[in-house]
Amino acid sequence: MARETGITTARSFSPRAAVLIAFLCLARFCAGQDTPMISGGVGFFSGTNKGPTSFTPTAMPVVAIPITQHFLFETRDYLIEAVTPRKNNQSDQTLLLKGVSFLQLDYLANRHATFVAGKFLTPFNTYNERLTPIWIGNFQDNPLIFPIGNMGGGTTGGQLRGSLYSSNRVNIDYASFFSANVGGKQFKSSRSTGDRIEAYFPKQRLEVGFSIDKMFEGNHPYATGAHFWWQPSGGPMTIRSEYAHGTHAQGYWMEFGYRLSQFKGPDSFIGRFEPLFRMQQVFRNSPDSTDALPGVDTQRADFGLDYFLPHNARINTSYSRQFSSTGNGNIWKTGLVYRFMFPAWPGKQ
Amino acid sequence: MRRQTLFAIALMQCSCLLGLAQTAGTPSPNKATSKPSAEQTKPAAIHATTEEQGERKFRENCSRCHNAPEDLPPRITGTVLLHMRVRASLSEADQKAILRYLAP
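Every value quoted in this text rests on a predicted model; they were computed, and no experiment measured them. The numbers attached to residues start from 1 for each chain and follow its sequence in the written order. For this description, chains carry letters from A and ligands carry numbers from 1, given in the order in which they are written. For this predicted model, a pLDDT threshold of at least 70 governs which residues receive local features, and a threshold of 80 or more governs which side-chain atom pairs are given and counted, while totals over whole chains, interfaces and linings are taken from all residues.

Draft legend 1. Summary view of the overall build of chain A. For the purposes of this entry, the term helix denotes a DSSP run of H or I that reaches at least four residues, the term strand denotes a run of E that reaches at least two, and both are numbered from the N terminus. The helix and strand tally for chain A stands at four helices and 16 strands. Whether a residue is buried, exposed or partly exposed follows from its count of other C-beta atoms within 10 Å of its own C-beta, namely 20 or more, 12 or fewer, or something in between, respectively; the C-beta atoms are built from the backbone. Put simply, chain A has 349 residues, and 35% of those count as buried. By definition, residue pairs are in contact when their C-beta atoms, positioned from the backbone, come within 7 Å. A fraction of 52% describes how many contacts in chain A between residues 6 or more apart in sequence connect residues 24 or more apart.

Here you go:
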């Protein structure tokens, strides 16, 4: 019995786990504030989309292992179980999704350049890199235009990114990548290339950026995008927006958030609320059943209300009304998210 | 008996006077805060400026996407900042300023 267990363990010991352990061993040499960390979020979500309700417990762990001050190994995985209750005493329909969002090795060469190799989040506009973590995004659903330019979210290849210029007036960042034709379930990728450049004005709290992607396979689809973020006066209001144009469709989303921290502080009962509004539209130029975008012109208005609980927990709620020629509908979402962050092993503070 | 009482009172007064003299010779923490010497002012001012700068950088860069975590173990602040330097394309100077602010 013991032998059987040993064989099973050896078989299920994936190369990825071996890489992770190897990096953890290397990271043992790091000291002080550079202890490897385990971070991420867990959440329980429910959604009612034009009738049926589903529940999706989700875990999204992040592991970051620094190896000296120049190398960083980092990975983020996801585990999502979609549960859809069925009527007439039938058993619930469940679907387990698990995968790698990114698994990359970063080499911080100098103050202007960081080289990234592995599977990374496609640097197109802002949503994919910044707002897909469940503990950050205000709405459960990705924007309708998310499939444009993001290539499914992840890309396997190499990337060069960093800060081009930084001062008190403006910060200019860039990201440039290429991806190879890679098979496999978790690291599947197509030959493509892309660039993004963005400028952030700290005094105005304003950011603008432009992105471009080009794929060298199939019909050689391309995508261009622009984003605009603004925090007026550095206050509790946040405006985020993106525009994306693809081969067969184009669209935008605009999100407004207002944290009520002006009322008795951010830790008061009222101050923990954040009302949200997101407007989004997709315009179809030509049909394409494979691009994961709505088949017809679609508009959606999302009304959200988040509540920031103590201890890094948050309640997300939203109501959306979607309009399209195939039918209008209501979408209700609620969720509870907990964000965690701790060192990979115990030690002295 | 009366002489002994007077001697005890005189002794107490002396000890009180000595105590007062000692207190007057040593600057109290409050006084030190209100009137620091020039040498003391410089590092404190630099520390305050650095902290303000770090806080400003934190608000400018990190608060664009998320709130500050309520509990950040000091042992992983360097790792978090390295991670965010790549993810958010932080400049090296901003990374260091925020690190000094989060883990002075």
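Now that the structure has been shown, the text picks up again.
Draft legend 2. Geometry of the overall build of chain B. Looking only at helices and strands, chain B features five helices and zero strands. Nonlocal contacts in chain B, meaning residues at least 24 apart in sequence, comprise 68% of its contacts between residues at least 6 apart.

Draft legend 3. Layout of the interface of chain B and chain A. Taken together, the contact between chain B and chain A spans 29 residues of the former and 37 residues of the latter. Going through the elements one at a time, helix H3 (38–61), helix H4 (77–87) and helix H5 (92–102) of chain B are the ones with two or more residues in the side of chain B that touches chain A. For the side of chain B that touches chain A, the element with the highest residue contribution is H4 of chain B, accounting for nine residues. Looking at the side of chain B that touches chain A, its residues break down into twelve nonpolar, eight polar and nine charged. Amino acids outside the nonpolar list (Ala, Val, Leu, Ile, Met, Phe, Trp, Tyr, Cys, Pro) and the charged list (Asp, Glu, Lys, Arg) are all regarded as polar, and Gly is one of them.

Draft legend 4. Structural view of the confidence of the model for chain B. Residue and element names in this part refer to chain B. Every residue is assigned a pLDDT by the predictor, reflecting its confidence on a scale from 0 to 100. The predicted model of chain B averages 67 in pLDDT, with 54% of residues at 70 or higher. Mean pLDDT across the elements of chain B ranges from a minimum in helix H2 (residues 29–34), with 36, to a maximum in H4, with 91. Note that pLDDT drops below 50 for residues 10–39; the model gives that stretch three contacts with residues more than four away or on any other chain. Here the prediction assigns the complex a pTM of 0.81, and the interface score ipTM is 0.84.

Draft legend 5. Structural view of the nonpolar core. The term nonpolar core refers to a group of buried residues, namely Ala, Val, Leu, Ile, Met, Phe, Trp, Tyr and Cys, whose C-beta atoms join them within 7 Å. By size, the foremost hydrophobic cluster in this structure holds 16 residues, and its most contacted members are Met37, Ala64 and Leu72 of chain A. When contributions to this core are tallied by element, the ones reaching two or more residues are strand E2 (53–67) and strand E3 (71–84) of chain A together with H4 and H5 of chain B. Counting 14 residues, the second largest nonpolar core, distinct from the first, contains Leu131, Ile148, Ala249 and Leu293 of chain A.

Draft legend 6. Looking closely at the environment of Arg240 of chain A. Residue and element names in this part refer to chain A. Structurally, the position occupied by Arg240 is in strand E11 (residues 237–246). A residue is classified by how many C-beta atoms lie within 10 Å of it, and Arg240, with 23 of them, is buried. For Arg240 and Trp253, which are 13 residues apart along the polypeptide, the C-alpha to C-alpha distance reads 8.2 Å. Sequence-distant contacts of Arg240, defined by excluding residues within four places in its chain, comprise Trp229 and Glu255.

Draft legend 7. Looking closely at unusual backbone geometry. Residues and elements named next belong to chain A. One non-glycine residue with positive phi stands out, namely Asn125, at about 50°. Following the sequence through the fold, Asn125 ends up in the loop between strand E5 (114–121) and helix H3 (127–131). At Met151, a residue that is not glycine, the phi angle is positive and equals roughly 55°. Residue placement: Met151 occurs in the loop between helix H4 (147–150) and strand E6 (154–166).

Draft legend 8. Summary view of the pairing of E3 of chain A. All names here are of chain A. Here E2 runs beside E3; their pairing, made up of nine bridges, is antiparallel. Paired with Phe55 across the two strands is Val83, which belongs to E3. Should DSSP find at least two bridges between two strands, the strands are taken to pair. Counted between consecutive antiparallel strands, the loop separating E2 from E3 contains three residues, among which Thr68 sits at a positive phi close to 60°. Sheet topology note: the E3/strand E4 (residues 93–108) ladder contains 14 bridges and is antiparallel. Paired with Glu74 across the two strands is Gln104, which belongs to E4.

Draft legend 9. Region of the structure containing the pairing of strand E12 (residues 249–258) of chain A. All names here are of chain A. As defined by bridge partners, E11 adjoins E12 across nine bridges and the pair is classed as antiparallel. Bridge pairing in E12 links Tyr243 to Tyr252. Linking E11 back to E12 in an antiparallel pair, the connection comprises two residues.

Draft legend 10. Examining H5 of chain B more closely. Taken together, the buried positions of H5 of chain B are occupied by Asp94, Gln95, Ala97, Ile98 and Leu102 of chain B. Down the axis of H5 of chain B, the smallest arc covering the buried residues is 165°, so these residues share one side. Comment: arc refers to directions from the helix axis out to C-beta atoms.

Draft legend 11. Structural view of the packing of H4 of chain B against H5 of chain B. All names here are of chain B. Convention adopted: a line fitted to C-alpha atoms gives each axis, helices being fitted over their contacting stretch, and angles between N-to-C directions are expressed from 0 to 180 degrees. As a packed pair, H4 and H5 sit with axes 10 Å apart at the nearest point and diverge in direction by 150°. What the angle tells us is that H4 and H5 run roughly antiparallel. The crossing of H4 and H5 is right-handed. Of H5, the residues touching H4 (which contributes Thr77, Gly78, Leu81 and Arg85) are Gln95, Ile98, Leu99 and Leu102. Taken together, the residues of the contact of H4 with H5 break down into four nonpolar, three polar and one charged. Note that the term roughly parallel is reserved for angles under 35 degrees, roughly antiparallel for angles over 145, roughly perpendicular for angles of 65 to 115, and oblique for everything else. By convention the crossing between two helices is left-handed if the near helix lies anticlockwise of the far one by an angle smaller than a right angle, and right-handed if it lies clockwise.

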